[in-house]
Amino acid sequence: LVPLWVGRPAGWDGELLLAEQAGARTRAWLLPQDPPPRTAECWKVDAGGQRLTPCPFSPEGDGWQIDAAPGEIAIVRWRMQAGS
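Residues numbered from 1 in each chain as written. Predicted model: local features only at pLDDT ≥ 70, side-chain atom pairs only at ≥ 80, totals over all residues. Heavy atoms only, no water.

### Examining the sheet that holds strand E4 (residues 41-45)
Strand order in this open sheet of five strands is E1-E2-E7-E4-E5, and the pairing throughout is antiparallel. The strands lining the two open edges of the sheet, one partner per strand, are strand E1 (2-7) and strand E5 (51-54). Neighbouring strand axes in the sheet, compared pairwise and without regard to direction, differ in orientation by 30° on average. In the sheet, E4 pairs with strand E7 (residues 73-79) via five bridges, with the strands oriented antiparallel. Among the inter-strand pairings, Trp43 is bridged to a residue of E7, identified as Arg77. (Pairing = 2+ DSSP bridges. Helix = DSSP H or I, 4+ residues; strand = E, 2+ residues; numbered from the N terminus. Axes fitted to C-alpha atoms, helices over the stretch in contact; angles between N-to-C directions.)

### Observations concerning the side chain of Arg77
Positionally, Arg77 belongs in strand E7. There is a polar contact of 2.5 Å between the side chain of Arg77 and the side chain of Glu15. In this structure, Arg77 is in contact with Pro9, Trp12, Gly14, Glu15, Glu41, Cys42, Trp43, Val45 and Gly49, ignoring residues within four places of it in sequence. (Polar contact = N/O pair within 3.5 Å; in protein donor to acceptor, adjacent residues only side chain to side chain. Contact = heavy atoms within 4.5 Å.)

This is the structure:
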């Protein structure tokens, strides 16, 4: 996955625009500086910011797993405190 853009929309700690460019399914990990609490959230969203798919926590609990289909363009948003 290649990051194309990063931002911080209102109410979120961050947002990434990601592109899968190898033509294969892939997995990446979003690892914030501090491990997220279990109440944190990470979502794939559409261009308008509507939530589509939650990103599961990594097995170690230190971030989130981001899966992408071949050629997928994805927007991922996260926040360390849900609903903030």
